Amino acid sequence: MAQALIFLAPGYEEVEMLTVVDLLRRADIAVDMVSITDALEVTSSHNVTIRADKLFHQANFDQAEMIILPGGIPGTPNLLAYKPLTEKIQEFAAAKKWLSAICAAPTVYGQLGLFHGCKATCYPGQEKNLGDATYVIQPVVQDDIFITSRGAGTTIEFAAAIIARLKDKKTADTVLEKIIYCSHR
């Protein structure tokens, strides 16, 4: 069963979705790409169509340890508008299960009122939609049950933080080394 579920809404940011899936799978973390539409094929904000692993009703939320939201416009508003997903997000928050999001997608958690004063980051200009989060300008911010990140350019660091959370830092560092990742920070 999947340890993590990443959600594809029409208009998702494909780099943020595929990079996370790729790096988690390299770390031997089971991650399912889940369509929130009635079809497995979902088209990104840059007109790239990817075939999800499962439809929403097929996802195993009981087994999953983390929900991951890629950003993108109109992907992020489409995620927020999909009530079955927002209900599951709220259940994860209540159960203190991990919630991760990148780019504009942290605003989904903000608009659901879930941050409760936690630190978070997002795509510049979207911070007004973070609810009561304390906005931090860093590539990746981890606080309480949340991992948030700023955008496509921070996706590798975002995926590494997820790997460290679901496995350990050594595994994350090994994956980064194998892909020849060099941080310029």
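You'll find the structure just up there.
Quantities reported herein were computed from a predicted structural model and do not represent experimental measurements. (Residues numbered from 1 in each chain as written. Predicted model: local features only at pLDDT ≥ 70, side-chain atom pairs only at ≥ 80, totals over all residues. Heavy atoms only, no water.)

Engineer: Before we go on, may I ask you to explain the pattern of salt bridges in this structure?
Structural biologist: Opposite charge on two side chains makes pairing possible when the charged atoms of those side chains draw close. Considering all chains together, one arrives at eight salt bridges under this definition. Across the salt bridge formed by lysine 169 and aspartate 173, the nearest N and O atoms sit 2.9 Å from each other. Residue lysine 169 and its partner aspartate 173 are located together in helix H6 (residues 169–178), separated by four residues, close to a single helical turn. For aspartate 173, a relative accessible area of 35% translates into the label partly exposed. (Salt bridge = Lys/Arg side-chain N within 4 Å of Asp/Glu carboxyl O. Helix = DSSP H or I, 4+ residues; strand = E, 2+ residues; numbered from the N terminus. Buried < 20%, exposed > 50% of the residue type's maximum accessible area, 1.4 Å probe, protein only.)

Engineer: How should I be thinking about the nonpolar core in this particular structure?
Structural biologist: As a rule of thumb, nonpolar side chains are buried together in soluble globular proteins. Residues Leu24, Ile68 and Ile162 are the most contacted members of the largest nonpolar core, which totals 34 residues. At seven residues, the largest contribution of residues to this core is made by helix H5 (residues 155–166). (Core = buried A, V, L, I, M, F, W, Y, C linked by side-chain atoms within 4.5 Å.)

Engineer: Honestly, the environment of histidine 46 in this entry has me stumped. Any pointers?
Structural biologist: For histidine 46, the location among the structural elements is in the loop between strand E3 (41–43) and strand E4 (49–51). Here the alpha-carbon distance between histidine 46 and glycine 11, two residues 35 residues apart in the chain, equals 7.5 Å. In this structure, histidine 46 is in contact with Glu13 and Glu14, ignoring residues within four places of it in sequence. (Contact = heavy atoms within 4.5 Å.)

Engineer: Can you help me understand the pairing of strand E6 (residues 66–69) in this one?
Structural biologist: The side chains of a regular strand alternate between both faces of the sheet. What you see with E6 is no split at all: Met66 and Ile68 on one side and Ile67 and Leu69 on the other are buried throughout. In this structure, strand E1 (residues 4–8) lies alongside E6, joined through three bridges in parallel fashion. Of the residues in E6, the one forming a bridge with leucine 5 is isoleucine 67. In this sheet, strand E7 (residues 98–102) lies alongside E6 in parallel orientation, the contact comprising four bridges. (Pairing = 2+ DSSP bridges.)

Engineer: Would you mind going over H5 with me for this structure?
Structural biologist: Along an α-helix, residues three or four positions apart point the same way, because every turn accommodates 3.6 residues. Relative to the 16 Å expected for 12 residues at 1.5 Å per residue, H5 spans 16 Å between its end C-alpha atoms, a close match to the ideal helical length. Among the 12 residues that make up H5, nine are buried, leaving the element largely enclosed by the rest of the structure. Looking only at H5, the buried set comprises Thr155, Glu157, Phe158, Ala159, Ala160, Ala161, Ile162, Ile163 and Leu166. (Expected span 1.5 Å × (residues − 1).)

Engineer: What am I meant to see in the packing of helix H1 (residues 14–26) against H5 here?
Structural biologist: A pair of packed helices is captured by two measures, namely the crossing angle of their axes and the spacing between those axes. With their axes 9 Å apart at the nearest point, H1 and H5 run at an angle of 40° to one another. Between H1 and H5, the interaxial angle falls into the category oblique. Judged by the twist between their axes, the crossing of H1 over H5 is right-handed. Contacts between H1 and H5 involve Val15, Glu16, Thr19, Val20, Leu23 and Leu24 from the first element and Thr155, Ile156, Phe158, Ala159, Ile162 and Ile163 from the second. (Axes fitted to C-alpha atoms, helices over the stretch in contact; angles between N-to-C directions. Parallel < 35°, antiparallel > 145°, perpendicular 65-115°, else oblique. Left-handed = near helix turned anticlockwise from the far one by under 90°.)

Engineer: Help me understand the packing of aromatic side chains in this model?
Structural biologist: Aromatic rings considered in pairs are described by the distance between their centres and by the relative angle of their planes. All told, the structure shown has eight aromatic pairs when counted by the stated rule. With a centroid separation of 5.2 Å and 50° between ring planes, the pair formed by phenylalanine 56 and phenylalanine 61 is classed as tilted. Note on accessibility: phenylalanine 56 and phenylalanine 61 belong to one class, buried. Ring-pair connections join several aromatic residues into one group, and the members of that group are Phe7, Phe56, Phe61, Tyr82 and Phe92. When the ring centre of phenylalanine 92 is taken as origin, the NZ or CZ atom of lysine 97, which lies over that ring, is 4.2 Å away. (Phe/Tyr/Trp six-rings, centres within 6.5 Å; stacked < 30°, edge-to-face > 60°. Lys NZ or Arg CZ within 6 Å of the ring centre and 35° of its normal.)

Engineer: In this structure, what is going on with the side chain of threonine 107? I would like to understand it.
Structural biologist: Relative to the assigned elements, threonine 107 resides in helix H4 (residues 106–111). What makes threonine 107 buried here is its relative accessible area of 3%.

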